[in-house]
Amino acid sequence: MTETKNDSTLEASIPTASLESILCTEELQRRPSRPPDYEKENRALAKLLSAVADSPRTIFQTLAETIRDITQCDSAGLSLLTRDGKTPHVDGQRFYWPAICGMWNPHVGGGTPRNFGPCGDVLDQNRTLLFTHFERRYPYLMPVSPAAEECLLVPFYVDGKAVGTIWGIMHSDLRKFDGEDDRVMASLGKFASSAYQAWMHIEDLRIQVAEREKAEAEVRQLASGLEAKVRRLVEANVVGVVMWNLEGAITGANEAFLHMVQYDQGDLASGRVRWTDLTPPEWRECDYWAIAQLKKTGIFQPYEKEFFRKDGSRVPVLLGGALFEGNGNDGVAFVLDLRQQKRAREELRRSEAFLAEAQRLTHIGSYSWRVATDEIKWSEQLYRIYEFEIGVPVTPELIRTRVHPEDVTLIEKMVEQARNGRDDFEWQYRLLMPDHSIKYLHAVAHATRDQDGQLEYIAAVQDVTARRLSEEAFDKARSELAHVTRMMSLGTLAAAIAHEINQPLSGIVTNASTCQRMLTATPPNINGALETARRTIRDANRASEVIVRLRALFNRKETATESVDLNEATREVVALSLSGLQRNGVVVRAELADNLPCVTGDRIQLQQVVLNLLRNGADAMSRVDDRPRHLVIITDRDEGDRVRVSVKDVGVGFEPQAADRLFEGFYTTKDDGMGIGLSVSKSIIESHHGRLWAEQNDGPGATFSFSIPCRREQGLAA
Ligand code: ADP
């Protein structure tokens, strides 16, 4: 075959003869010419015409045979440009040979390149050419046998454009083409043009038919594929599939459906299973809707309903379906068992309710905020905290409407930081409610990424108003306690005053006695002495009355004697004073002994002592700046069935020689001190039959301790 992949290699590798050297077209007219045989020619043309009408598919072959018959050549055929362009195919890249008769017949289907070959030259020159031994110029034709002695090539046209050639070949020099051949071929060329167009129409039709057939085949295949898929779906029993008619019958169903409603194929075959019977009365309305939809559109959109099962229980389902095409009464539906979804939904609802309840109980609301889209979602409790109707759409503005004017800047700052991608936040702010009350909120936000990798904050917002109020109440209690302490201090003061006053009192009494002795002397100054004595005694009585009233005012007549758990009492004091201590940078650690026995005494008084020791410790530490302020409060059992409480600090400590004076009234080393705390504490502890003492630590600071007996037989000292 000539049309081989090696064409280009051959074209390039072998030197070729010039076009002129292989053309002898002009010779045609010079050669002696045979006479025209019009009769034969007419017969041939008539035959060709009927061939166009009867068997257009073979028209090229008929044409080739006609050329050979009329010109008496050895081989004849057609070259057409390949149809890779649009009609007419003037842009084809190659010529191919659709029909050849004679010696070259085995080469049907072969061809030559468009840009380098005899046909190409004919098209370029746009005229009939006679070649002799064209293989000398076109080496790829060399292997084509038998070789061509002469080849007469005639172009033909469609719409004025050359699209192909007809040709005849002499393989020997026994006969040569002449002027008569030239004339005949020219008229056959015209015919070739019509034949080509007829063929092209047919070809186009063929292509159209083929395309349509292909499309139909695809649809068929798709349909059969779809059918297979639907069958697979039905048989897989992943969803229930049921066939039914509008009268209420179920005409077929897969196992999945039967399983859902607890029937079997036998029940189905008996005709006992009807969808109308399977439907509980309250769901019939939905079915009527579906049927109305079916009658209108041929399908019904999925909807939820329930079916009775054989045992009378119900199964929730999702149902959707369609009528069969072309049949107004029968249809098919898929049925999805919703029990699991319902359960999951119920679980979700329960856990949401649980969460909401937990939020309600703890006064904690929550929200999520997608930064990029400003999408905000609130929990119900947050709506309650803000006192908005649940369901009011949340926007950043709405949040801000309730924020206390003084806290708006803070919130804006937080939002700004969040947009810049800060990780975690914790902040306090206030809401100013419509009734002018204030709510204190404590918020904690945590940054996460949602499924799309977008920044999202999840925040918990706690209403700490109640806590805040109780803190205020605590503060009040604390100041009351301080007041009581002061009162106790005044008690000691009174005692000191009493002590001081008792001295002159006894002097007065002594003077009075002297006065009496004067009376008994000779001569007695009775009137003067009596008057003096009376006044002295009256003043003395008045002074002692004052003292008694003072004592009565500041000393409790009775000290409570309750059972006191010193661990618990200590814990309360620590809790009460914690925020104050923390403000001063003090870290308190409590080391409370397990199973500490109770003591009998006055809980409030003992707590005053502990409070006093804590304050003193903190004060002592505030006077040094070079170390962390650690305060340890320890409870444990002391020997002799006693309980000991110690407060250990790392403060300034005290000089050994001052150790005894610390507990004296009015002894203080502080600018603003009164020097009463320790002396009051000492008297309280002693009234509990206990002991209060101070020790210098091995390291920095001091430890103040008291120890009191667990049980006491006799009452407390007044
Ligand atoms: P005040 O604290 O008003 O001075 P206190 O009776 O409580 O009265 O204390 C008397 C003095 O004892 C204090 O001024 C201080 O010098 C000394 N003192 C008390 N507690 C400590 C302590 N933890 N460390 C060192 N010195 C202390």
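> A description of the state of the cysteines should follow, citing residues and the corresponding values.
Linking two cysteines covalently via their sulfur atoms produces the bond known as a disulfide. Tallied over the entire structure, the rule returns zero disulfides. Free of any disulfide, Cys101 has its nearest neighbouring cysteine sulfur in Cys73, separated by 6.8 Å. A relative accessible area of 5% means that Cys101 is categorised as buried. With no disulfide of its own, Cys151 lies closest to Cys119 among cysteine sulfurs, the gap being 7.4 Å. Classification of Cys151 by relative accessible area gives buried; the value is 3%.

> Before we move on, could you go through the pattern of salt bridges and cite the residues and values that matter?
Side-chain pairs of opposite charge can arise whenever the charged atoms involved come near each other. Enumeration over the complete set of coordinates arrives at 39 salt bridges. When the shortest N-O distance is used, the salt bridge between Asp181 and Arg34 registers 2.3 Å. Here Asp181, found in helix α7 (residues 179-236), pairs with Arg34, found in the loop between α3 (27-30) and α4 (38-54); they are 147 residues apart in sequence, far enough to count as distant. The exposure class assigned to Asp181 is buried, which follows from its relative accessible area of 0%. Residue Glu406 is joined to Arg430 by a salt bridge in which the shortest nitrogen-to-oxygen separation is 3.1 Å. Of this pair, Glu406 sits in the loop between α14 (396-402) and α15 (408-419) while Arg430 sits in strand β15 (residues 424-432); the two residues are 24 residues apart in sequence, bridging distant segments of the chain. Residue classification places Glu406 among the exposed positions, given a relative accessible area of 58%. Through salt bridges with shared partners, one network takes in Glu27, Arg31, Glu150 and Lys176.

> Describe the packing of α4 against helix α5 (residues 59-71), listing the residues and the values that go with them.
Any two packed helices are characterised by how steeply their axes cross, that is the angle between the axes, and by the distance between the axes. It is the contact of α4 with α5, at a shortest axis distance of 10 Å, that shows an interaxial angle of 175°. The angle between the axes of α4 and α5 places the two elements in the roughly antiparallel class. Where α4 abuts α5, its residues Lys40, Glu41, Ala44, Leu48, Ala51 and Val52 lie against Ile59, Thr62, Leu63, Thr66, Asp69 and Ile70. Classifying every residue of the contact of α4 with α5 gives seven nonpolar, two polar and three charged.

> Hey, could you go over the environment of Arg571 for me, with residue numbers and the actual values?
When you line up the elements, Arg571 lands in helix α18 (residues 566-583). Using a relative accessible area of 48% as the deciding quantity, one classes Arg571 as partly exposed. The spatial distance from the C-alpha of Arg571 to the C-alpha of Ala590 is 8.1 Å, given a sequence separation of 19 residues.

> Got a sec to walk through the site of the ligand? Specific residues and values, please.
With respect to spatial proximity, 17 residues lie near the ligand, and among them Asn616, Thr668, Thr669, Lys670 and Leu678 are the closest. The side chain of Asp649 places a nitrogen or oxygen atom 3.0 Å from a nitrogen atom of the ligand. Within the side chain of Thr668, one N or O atom sits 2.5 Å away from an oxygen atom of the ligand. If the ligand stood free it would expose 520 Å²; the protein chains cover 93% of that surface. For the shell around the ligand, the elements supplying multiple residues, two or more each, are α19 (603-622) and α20 (677-687). The biggest single contributor to the shell around the ligand is α19, with three residues. Partitioning the shell around the ligand into residue classes produces seven nonpolar, eight polar and two charged.

Criteria and cut-off values
- Per chain, residues are indexed from 1 in the order of the written sequence.
- Where totals are concerned, whole chains, interfaces and linings use all residues; where local detail is concerned, this predicted model gives features only for residues with pLDDT of at least 70, and gives and counts side-chain atom pairs only at 80 or more.
- Side-chain calculation: all heavy atoms of the structure are included, whereas hydrogens and water are not.
- Two cysteine sulfur atoms form a disulfide, by the criterion used here, when they sit within 2.5 Å.
- Exposure categories follow from relative accessible area, calculated using a 1.4 Å probe and restricted to protein chains: below 20% of the type maximum is buried, above 50% is exposed, and the middle band is partly exposed.
- The salt bridge criterion pairs a side-chain nitrogen of Lys or Arg with a carboxyl oxygen of Asp or Glu, the two atoms within 4 Å.
- The secondary structure listing takes helices from DSSP runs of H or I that are at least 4 residues long and strands from runs of E that are at least 2 residues long, numbered from the N terminus.
- For helices, the fitted line uses only the C-alpha atoms of the stretch in contact; every axis is such a line through C-alpha atoms, and the angle between N-to-C directions lies from 0 to 180 degrees.
- Small angles under 35 degrees read as roughly parallel and large ones over 145 as roughly antiparallel, with 65 to 115 read as roughly perpendicular and the rest as oblique.
- The contact criterion used is simple: two residues touch if any of their non-hydrogen atoms lie within 4.5 Å.
- When residues are grouped by polarity, Ala, Val, Leu, Ile, Met, Phe, Trp, Tyr, Cys and Pro land in nonpolar, Asp, Glu, Lys and Arg in charged, and all others, Gly among them, in polar.
- We call a residue near a given molecule or strand whenever any one of its heavy atoms falls within 4 Å of it.
- For the purposes of these results, a polar contact is taken to be a pair of N or O atoms within 3.5 Å, where, inside protein, one atom must be able to donate a hydrogen and its partner to accept one; residues adjacent in sequence count only when each atom of the pair is a side-chain atom.
- Methods summary: accessible areas were calculated by the Shrake-Rupley approach with a probe of 1.4 Å, and residue burial reflects only the protein chains presented.

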